[in-house]
Amino acid sequence: MEKALEVSGLSISFGGLKAVSNMSLTVNKGEIVALIGPNGAGKTTFFNCVTGLYRPNSGTVRLNHPERGEIDLKGLAPHVITSLGLARTFQNIRLFSKMTVLENVMMGMHSRTKAGIFTALTGSRYARAEEQRIVDESYELLEFLNLQKLYKANAKSLPYGDQRRLEIARALAAAPLVLLLDEPAAGMNPHETLELKELVRQIRDRFKLSVLLIEHDMSMVMSLSDRVYVMEYGSPIADGKPADVSRDPAVIKAYLGEEYNA
Amino acid sequence: MYLIKRSLLVSIWFVLLTLPLLAVKVDTTNETLIWRWENMLYVAVSAFVLYMLWLLAMRWRSRQRRSEELAQPRVHNLYSTITDNKVIVGAFNLILLAILVLLPLLSSGYQINIWTTALIYVILGLGLNIVVGFAGQLVLGYAAFYAVGAYTFGLLHQNFGVGFWVALPCGAAVAGFFGILVSLPVIRLRGDYLAIVTLGFGEITRLVLENWIEVTNGPGGISNIPRPALFNLELSDTGTAVWVYYIVLLFMLIAFISLLRLKNSRVGRSWIAVSEDETASEVMGINTTWAKLTAFALSAVWAGIAGVLFATKTRFINPDSFTFMDSALFLCIVVLGGMGSVYGMLLGAFAIALLPEYLRAFSEYRMLLFGAAMVLMMIFRPQGLIPPKARQYRVSKLLGKEAQS
Ligand SMILES: Nc1ncnc2c1ncn2[C@@H]1O[C@H](COP(=O)(O)OP(=O)(O)OP(=O)(O)O)[C@@H](O)[C@H]1O
Ligand SMILES: [Mg+2]
C-alpha cells in the first residue's frame, strides 16, 4: 500500500515534560487511521507538531505529494504545510466568529488562491473570477455537508454539531491529501455521531484522501478506522487493527479499562 | 432604592476625596483657612447625578445584552435592510459625494480649510483602520508615519525644490519603507509588541524632528512648502484652498474605494482572519507574518500620503503636529467610527475633526470629552458608530432560484 503520511521518531518536550516521545505513525492512501489515548496523552500535541504549529525536537514528518514526491514537512511553517496538503480541525472549535459560514469555508481556500493586493485594488477580472469560483466551490462544499441553508449565518450562531462540521468543511476547502480531525465527535449527540461516522467515510471516498482522527468515542473508532494507534504519556503503546488493539492488555489497562473487555 | 443608596455613597465618597482640594483654601495673607462649602455641594450633587446616570446606563446595557442573547440572530433589522438595498446605498453615496464636491463652492476659505483637515483625517482613519481594524494589530505611533510623509515633502522641497506631485509618491514610499523597517523585527511575534514598538518609534521620530536642527530646523519647522501646481496658473488664496481641497478629496476617495475593495478581497479576509485567530489562520494557509506586514506597510503608505497632503495644505510643518496626542486622536477616529468599518471612518473623522471646530466652547476640554466618549463607546458600543457590514455573496447556483422565489 502506498503511504500518504509517515511520521517517525517524533518527540517534543515542554520544559521537563515530554509531551510526545518517539512517536511513529503511518497513514496509507485512502486509509482512515485513529489515534487514541487517555486525556493528556499528547495526541493534540502530536497534531500540532505534524501541522507545524509546534516545532518537534526530533523526528521526521514525510508527506507523499503526487507531484513533488516525498516532502519532509518538519520545520516548515504551518501555512506551507497546509498548502502542501495537510488540513486539520481543532479540538476546541476555532471558527472565525466575525465571518459568515460561507466565508469560513472560503478561508480554507486561501492556500489554493492567488489574488493579491494589486489585483484586489484594480478589481481585475482575474481576481473577480477567482472570487466567484471560491464562492461557488465553498457553497458546494456546504451542500455536501448539508449546511448550505445557513451559508449567510454567522459561524458562531450555529449549533455545536454544525460548528464541528463547518470546521470539517473549512479543512476540506484546502483540498488536502490527508485530513486531520481532532475529536470531531466531541460534544455531539449519539445521532450526530452516527452521521459523522458516515460523513467521514463519504469524505474519504469523494475527495480521495486519507484521514487521521483523534477520537474518544470507542464505538466510532472501532467501526470507522482501518488501523488504530494508541498513545499514553506521550509514547506509542500499541497499534494495529481495531479488533486487535482492543484486545491488547496494555491498551485495556491504560485506556479502555477492564469493563470494556467484558 | 438601590440606585439612590449607591449614588449617595459614591457622592459622599467623592466629597471626602475632594475635600482637601476643593473645600479648604489657605488664605496666605491673613493666615486663615477658608472653607468653601459651596464647592462641596457641587461635587456632591454632580457625583450623585452622574453616578445614578451611570448605573442606569449599565442596567440598560445588561438588559440589551440579555435580549440580544435571547433573540434569534436578527437577519432583517432595519439597518441591514437599508444597507443591503443597492439603490439606497447608491443614492446615499451620490448625495454624500455631491455634498463633498459642492462644499467648497458654498463656503468660505476658513470653512474649506477645516473640511480639508477633516478629509485628511478620513484618510488617516482609513489607513490606520487597515492595520488596527482589519489586521487587528494595535498601532500607537501612527502620527510618526504621517510626520515622515510631511517631512519628506518639506525636506525634498527645501533641499531639492521638489514639487507636490513628485513628493507625493516619495512621501508614500518613505513612510512605507519606515513602516516595514519598524515592524519587521516584531511582526512575527504575537501580542502587542507592535503597539510598543510603534509607540517608541513615534516618540523617537518626534525627538529627532525636534533636535536634529541642522536638517529639520527643530521646533521651528519647515515653512514655504508649495501648493500643488495647476498648469502654472496663478490662483487666489481661496482658489488654492479649493484646489487643495479637491486634491485631498480625490485621495480620500481613492483610499475609500481601495479599502472597500480590499475588505472584500482575499487579502482583506486574510487580515480579518489574522485579527481573530492567528493559529487558525496559519492552519488555513495564511502567511500571518506577511499578512500583518502588508497591512502595516499599506497603512504607513496612507499615512505618508496624508502627511504630504497635510504639508501642502498648511504650507508649514513642525513637530507639534505629530505628537502622541495626534496618534491617540487617529486611534480615536478608528474606534469611534468602527474598527474594520470603511463608512465609519467618515463619521469618526468628521466627529473628531469638526466638532472641536464648531463647538469652540468645548475645545479646551477636547481631550477630556474624547476620553469620556471613548470609555462610553467601549462600554455601550464597542463595535463603533458604524460597525463593519457583512458582505453579501452571490452564489451562482442560487441566482436563478432567488429570482424565481
Ligand atoms: N504549549 C504547551 N506548553 C506546555 N505544555 C503543553 C503544551 N501543549 C501541551 N502541553 C502538555 O502536553 C500534554 C499533552 O497534551 P495534549 O493536549 O496533547 O493531550 P491530548 O492527548 O490531546 O489530551 P485530550 O484527550 O485531553 O485532548 C499535556 O500534559 C499538556 O499539558
Ligand atoms: Mg487533545
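Rules used throughout
- Residues numbered from 1 in each chain as written.
- Chains lettered and ligands numbered in written order.
- Predicted model: local features only at pLDDT ≥ 70, side-chain atom pairs only at ≥ 80, totals over all residues.
- Heavy atoms only, no water.
- Contact = heavy atoms within 4.5 Å.
- Buried area = accessible area lost by both parts, 1.4 Å probe.
- Salt bridge = Lys/Arg side-chain N within 4 Å of Asp/Glu carboxyl O.
- Polar contact = N/O pair within 3.5 Å; in protein donor to acceptor, adjacent residues only side chain to side chain.
- Helix = DSSP H or I, 4+ residues; strand = E, 2+ residues; numbered from the N terminus.
- Nonpolar A, V, L, I, M, F, W, Y, C, P; charged D, E, K, R; others polar.
- Near = heavy atom within 4 Å.
- Areas by Shrake-Rupley, 256 points an atom, 1.4 Å probe, with all protein chains shown as cover.
- Buried < 20%, exposed > 50% of the residue type's maximum accessible area, 1.4 Å probe, protein only.
- Domains from an automatic or database assignment.

Draft legend 1. Representation of the interface of chain A and chain B in the model. Counting from both sides, the interface comprises 41 residues of chain A and, opposite them, 35 residues of chain B. Note on chain A versus chain B: buried area summed over both sides is about 3,500 Å², and carbon and sulfur give 62% of it. Our enumeration of links across chain A and chain B arrives at two salt bridges. Here A:Glu131 and B:Arg269 are joined by a salt bridge, their closest N and O atoms 2.7 Å apart. Inspection of the region where chain A meets chain B yields 13 residue pairs in polar contact (both at pLDDT 80 or more). Examining the composition of the side of chain A that touches chain B, we find that nine residues originate from one element, helix H5 (residues 125-144) of chain A, more than from any other. Tallied by class, the residues present in the side of chain A that touches chain B amount to 17 nonpolar, 12 polar and 12 charged.

Draft legend 2. The site of ligand 1, seen in detail. Residue and element names in this part refer to chain A. Neighbouring ligand 1 are 14 residues, the closest being Gly-40, Lys-43, Thr-44, Thr-45 and Gln-91. Between ligand 1 and Gly-40, the relevant distance is 2.8 Å, taken from an oxygen atom to a main-chain nitrogen or oxygen of the residue. Within the side chain of Thr-45, a nitrogen or oxygen atom sits 2.5 Å from an oxygen atom of ligand 1. Protein burial of ligand 1: of its 630 Å² of free accessible surface, 64% is covered by the chains. Secondary-structure elements contributing two or more residues to the shell around ligand 1 are strand S2 (17-28) and helix H1 (43-50). Here the shell around ligand 1 gets three residues from one element, more than from any other, and that element is H1. Split into classes, the residues belonging to the shell around ligand 1 amount to five nonpolar, seven polar and two charged.

Draft legend 3. Region of the structure containing the pattern of salt bridges. Residues and elements named next belong to chain A. Counting across every chain of the model gives 19 salt bridges over all chains. Where Arg-165 meets Asp-162, a salt bridge forms, and the shortest distance between an N and an O atom there is 2.7 Å. Note that Arg-165 and Asp-162 are positioned in helix H6 (residues 160-172) at a spacing of three residues, about one turn of the helix. Taken individually, Arg-165 and Asp-162 each receive the classification buried, so the pair is uniform in this respect. Overlapping salt bridges bring together Lys-3, Glu-6, Arg-62 and Glu-70 as one network.

Draft legend 4. Region of the structure containing the domain arrangement of chain B. With domains assigned, chain B is organised as domain 1 (2-67) and domain 2 (97-380). Using C-alpha coordinates to define each centre, domain 1 of chain B is positioned 40 Å away from domain 2 of chain B.

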